[in-house]
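# Results of the structural survey
Next come the chains, spelled out residue by residue.
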Amino acid sequence: MASFARGQEANLPADYAQSIEQVDPRLIARTLDEGASTDRIDLLDALYSLMEQALYPGKTELSDDEHTEVAWALEDGAYSVTRIRHDSPLFHALFRHFNGNEKALTDALAPSIIDELSADLYSLMTQKVLAQRIASLLARND
């Protein structure tokens, strides 16, 4: 059973489009169920960070009630998470496009983060939406 599915979008070159992976919803559910005991702590951290960003953009400290809202939103499961591996051609192209500025990169693809443990980019959107946003970004300077 695959945990990530690769997509191919017409707007991006094939090697870039293949770099965008949809995180399997079953893996997300299992990771959330396992909580702190999961062996996918990088994914768990990424999920919480993404949902915090989506619900409370620009906020660095959340109240207990806001943390509860984040947990409920994650449990709801009505979202898509994509990943771009740090060693993929697309990640390297994006990193170059933003002159190595990780904050500019994640801001442009918000809500998104670069995970501290894996160095992969995670985004709270579908493969198709992420591919379209990236194609638009890269086309601006072509």
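Bear in mind that the values here come from a model prediction, so they are computed numbers and not experimental data.

### A closer look at the overall build of the protein
Summing up its helical and strand segments, the protein has seven helices and five strands in all. For 142 residues, the compact-globule formula gives about 14 Å, and the C-alpha radius of gyration of the protein, at 15 Å, lands near that figure. Taking the principal axes of its C-alpha atoms as reference, the protein extends roughly 45 × 35 × 25 Å. Of all 142 residues assigned to the protein, the portion counted as buried reaches 45%. Across the protein, the fraction of contacts at a sequence separation of at least 24, relative to all contacts at a separation of at least 6, is 58%.

### Comments concerning the layout of surface pockets
A volume near 410 Å³ is recorded for the largest pocket. What lines the largest pocket is a set of 16 residues, among which Gln 53, Thr 106, Ser 112, Ile 113 and Ile 114 lie closest to the centre. Put simply, the parts of the chain that give the lining of the largest pocket at least two residues each are α3 (41–55), α6 (102–108) and β4 (112–114). Considering every element that reaches the lining of the largest pocket, the biggest residue donor is α6, with four residues. As for the second largest pocket, its lining consists of Ser 49, Glu 52, Gln 53, Tyr 56, Pro 57, Gly 58, Lys 59, Thr 60, Glu 61, Leu 62 and His 67.

### Section: α3
With 15 residues, α3 should cover 21 Å at 1.5 Å per step; its first-to-last C-alpha distance of 21 Å lies within 8% of that length. For α3, every residue scored as buried is listed here: Asp 42, Leu 43, Leu 44, Ala 46, Leu 47, Leu 50 and Met 51. Buried residues belonging to α3 abut β2 (20–23), α2 (25–34), α4 (64–76), β4 and β5 (121–123).

### Points about the pattern of salt bridges
Within this structure, the stated rule accounts for seven salt bridges. A salt bridge links Asp 24 to Arg 26, with the shortest nitrogen-to-oxygen separation between them at 2.8 Å. Residue class for Asp 24 comes out buried when judged on its relative accessible area of 10%. Notably, a salt bridge pairs Lys 59 with Glu 66, separated by 2.4 Å at the nearest N-O pair. By relative accessible area, Glu 66 is classed as buried at 13%. Counted as one network, the salt bridges with shared partners bring together Glu 21, Arg 83 and Asp 120.

### Overview of the packing of helix α5 (residues 89–97) against helix α7 (residues 127–139)
Between α5 and α7, the shortest axis-to-axis distance is 11 Å and the interhelical angle comes to 45°. One element, α5, and the other, α7, form an angle in the oblique class. Considering only the axes of α5 and α7, their crossing is left-handed. The segment α5 lies against α7, with Leu 90, Leu 94 and His 97 engaging Ile 134, Leu 137 and Leu 138.

Analysis parameters
Positions within a chain are numbered from 1, following the residues in the order the chain's sequence is written. Local features in this predicted model are restricted to residues of pLDDT 70 or higher, and side-chain atom pairs are both shown and tallied only at a pLDDT of 80 or more, whereas totals for entire chains, interfaces and linings draw on every residue. The basis for the side-chain values is all heavy atoms of the structure; hydrogens and waters are excluded. A helix here means a DSSP run of H or I that spans at least four residues, while a strand means a run of E at least two residues long, and both kinds are numbered starting from the N terminus. When we talk radius of gyration, it's over C-alpha atoms, and the globule rule is simply 2.2 Å times the number of residues to the 0.38. Burial classes: relative accessible area under 20% of the type maximum marks a residue as buried, over 50% as exposed, and values in between as partly exposed (1.4 Å probe, protein chains only). Throughout, a residue-residue contact means that at least one pair of heavy atoms, one from each residue, lies within 4.5 Å. Using a grid of 1 Å spacing that covers the protein atoms alone, one calls a set of points a cavity when a 1.4 Å probe fits there but cannot get out, and a pocket when the set is open and has protein on both sides within 12 Å along at least five of seven lines; lining residues are those with an atom within 4 Å of a point. Grid points are joined across faces, edges and corners, and a volume is the space filled by probe spheres set on the points. Helix span, as expected, comes to 1.5 Å for every residue beyond the first. Only one rule defines a salt bridge in this text: a Lys or Arg side-chain nitrogen within 4 Å of an Asp or Glu carboxyl oxygen. Interaxial angle, 0 to 180 degrees, is taken between N-to-C directions of lines fitted to C-alpha atoms, where a helix line uses only the stretch in contact. Working rule for angles: under 35 degrees goes down as roughly parallel, over 145 as roughly antiparallel, 65 to 115 as roughly perpendicular, anything else as oblique. Two helices that cross are described as forming a left-handed crossing if the nearer one is turned anticlockwise from the farther one by less than a right angle, and a right-handed crossing if clockwise.

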